[in-house]
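# Descriptive analysis of the structure
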Amino acid sequence: MANIPQSLTMNSPYQQQPSPSINPGGGGGGGAAAQINVERRMQSAEQLVLELGHPDSRENALLELSKKRELFQDLAPLLWNSFGTIAALLQEIVLIYPALSPPNLTSAQSNRVCNALALLQCVASHHETRMLFLNAHIPLYLYPFLNTTSKHRPFEYLRLTSLGVIGALVKVDDTEVIGFLLSTEIIPLCLRTMEMGSELSKTVATFIVQKILLDDVGLDYICTTAERFYAVGRVLGNMVAALAEQPSPRLLKHIIRCYLRLSDNPRACDALRNALPDLLQDGTFNSCLREDLTTRRWLQQLILNVGGPRVAGLQAGAAFDHMLVN
């Protein structure tokens, strides 16, 4: 450690700047103290990032950085631009691939890699590093985690944290992000989690599908083929049936928004006249949505859309059914 430079990169924007002078007369003293605190936090962040490059200190550095990531200003650019840091985080991910199948992931392994994923989420959510993160195809490293089916807590935690990284990407509306994700297997992976994950994992996975659908490119992708539309519709329908037994207002909100967005596509809207679950139309969820005016309005609009005039010359669902036959 003695030979490690104080700055992680040459001409680093994270080098300590001279502390502003404090006016004894009182003007600006509070601002100067705040600036000093910011500089101290960045020095702490730099030291922890340096420690990520050393196997002996990496586990503790992962833990401390993931816990305090909200306190460190511009941590994402620091992680991305510092030498070897992203490689170290990816190494943490790759090292546990053998524990996925057969499934023997321990809690300690899961916690450690999830700390690395939390830092990658930080990079994915920052405006300066988001597209760099995407262009490096780093999300693909997370897909083996989303492809797991074990319901044991270490695996569930791993899936949830991985979904959080993808969720950070789609949270900011960006067609380029959606286009990249659609070029991968993100839709089938999210649908799998929506079927077998915990309530929280289902909620995040459904949110990702919702954000994809809200982009015109995503809606067109889902509605281009009957197989894609019915794959999404089947999973959404099964989730609605499950929520009738165990309601979750937050999850239901995302499901209804997905259906409403699908109804913006004429062929999908026509198919929904047969495919929309009766449970969404018969008042089953009235009590669940009593306090959520926005979702109630979405549901009313969905029912209005689906109950409107059919696509000219087509029976309900025929717009997709003929594609299935062909």
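None of these values were measured; they are calculated from a predicted model.

Turning our eyes to something else, we now look at the packing of helix H8 (residues 153-171) against helix H10 (residues 186-196). Close contact between H8 and H10 brings their axes to 12 Å; oriented N to C, the two are set at 135 degrees. Judged on the interaxial angle alone, H10 and H8 are oblique. Judged by the sense of rotation from one axis to the other, the crossing of H8 with H10 is left-handed. Along the contact surface, H8 presents Arg159, Leu163 and Ile166, while H10 presents Ile186, Cys190, Thr193 and Met196. Taken together, the residues of the contact of H8 with H10 sort by class into 5 nonpolar, 1 polar and 1 charged.

On to the side chain of threonine 148. Along the chain, threonine 148 falls in the loop between helix H7 (143-146) and H8. Its relative accessible area of 7% is what places threonine 148 among the buried residues. A polar atom in the side chain of threonine 148 sits 2.7 Å from the backbone oxygen of phenylalanine 145.

Core analysis: the biggest nonpolar cluster contains 91 residues, and Leu75, Leu158, Ile186, Tyr259, Leu262 and Leu280 have the highest contact counts within it. A total of 9 residues in this core trace back to one element, the largest contributor, which is helix H5 (residues 107-125). Beyond its immediate stretch of four places on either side in the chain, leucine 75 contacts Val49, Leu65, Arg69, Leu119 and Cys122.

The subject of this paragraph is the pattern of salt bridges. By the definition in use, this model includes 11 salt bridges. Its salt-bridge partner being glutamate 92, residue arginine 58 comes within 3.2 Å of it at the nearest N-O pair. Of the two residues, arginine 58 is situated in helix H2 (residues 55-68) and glutamate 92 in helix H4 (residues 85-95); the sequence distance between them amounts to 34 residues. One salt bridge connects arginine 261 with aspartate 264, and the closest N-O pair in it is separated by 3.1 Å. Overall, the relative accessible area of 10% leaves arginine 261 in the buried class. Through salt bridges with shared partners, a single ionic network connects Arg58, Glu59, Glu92 and Arg112.

Here the focus is the confidence of the model for the protein chain. Chain-level pLDDT for the protein chain is 87 on average; 83% of the residues reach the 70-or-more range. Confidence drops under pLDDT 50 across residues 1-26; counting only partners more than four residues distant or on other chains, this segment forms 33 contacts. Note that pLDDT drops below 50 for residues 322-326; the model gives that stretch 7 contacts with residues more than four away or on any other chain.

Once that is clear, we can look at the packing of aromatic side chains. Summed over the entire model, instances satisfying the criterion amount to 2 aromatic pairs. Ring centres of tyrosine 97 and phenylalanine 145 lie 5.8 Å apart, and the angle between their planes is 70 degrees; on these two criteria the pair is classed as edge-to-face. In this pair, tyrosine 97 is assigned in the loop between H4 and H5 and phenylalanine 145 in helix H7, connecting sequence segments 48 residues apart. Taking the relative accessible area as the measure of exposure, phenylalanine 145 reaches 0% and is therefore buried.

So, about the environment of isoleucine 93. Within the fold, isoleucine 93 resides in helix H4. Judged by relative accessible area, isoleucine 93 falls into the buried class, the value being 0%.

Conventions and cut-offs
All chains use their own residue numbering, which begins from 1 and follows the written sequence. With the structure being a predicted model, the display of local features is reserved for residues of pLDDT at least 70 and the display and counting of side-chain atom pairs for 80 or more, all residues being used for whole-chain, interface and lining totals. By convention in this description, side-chain values take in all heavy atoms of the structure and omit both hydrogens and water. Axis lines are fitted through C-alpha atoms, for helices just across the contact stretch, and the angle between N-to-C directions can take any value from 0 to 180 degrees. In DSSP terms, a helix is any run of H or I states spanning at least four residues, a strand is any run of E spanning at least two, and both are numbered starting from the N terminus. Angular relationships are summarised with four words: roughly parallel below 35 degrees, roughly antiparallel beyond 145, roughly perpendicular across 65 to 115, and oblique for the angles in between. Note: crossing handedness is left-handed where the near helix turns anticlockwise from the far helix by less than a right angle, and right-handed where it turns clockwise. Working rule for contacts: check all heavy atoms of both residues, and any pair within 4.5 Å makes them a contact. Residues are grouped as follows: Ala, Val, Leu, Ile, Met, Phe, Trp, Tyr, Cys and Pro are nonpolar; Asp, Glu, Lys and Arg are charged; all remaining types, including Gly, are polar. Here the term buried applies to any residue with accessible area under 20% of the maximum for its type, exposed to any over 50%, and partly exposed to those in between, with areas from a 1.4 Å probe on protein chains only. Identification of polar contacts relies on pairs of N or O atoms within 3.5 Å, with a donor-acceptor requirement for protein atoms, meaning one able to donate a hydrogen and the other able to accept it, and with residues adjacent in sequence counted only if both atoms are side-chain atoms. In this description, a nonpolar core means a group of buried Ala, Val, Leu, Ile, Met, Phe, Trp, Tyr and Cys residues linked to one another through side-chain atoms lying within 4.5 Å. Only one rule defines a salt bridge in this text: a Lys or Arg side-chain nitrogen within 4 Å of an Asp or Glu carboxyl oxygen. Per-residue confidence from the prediction method is given by pLDDT, with values spanning 0 to 100. Centres within 6.5 Å make a pair out of two Phe, Tyr or Trp rings, where for Trp the six-membered ring is used; the pair is then stacked when the planes are under 30 degrees apart, edge-to-face when over 60, and tilted otherwise.

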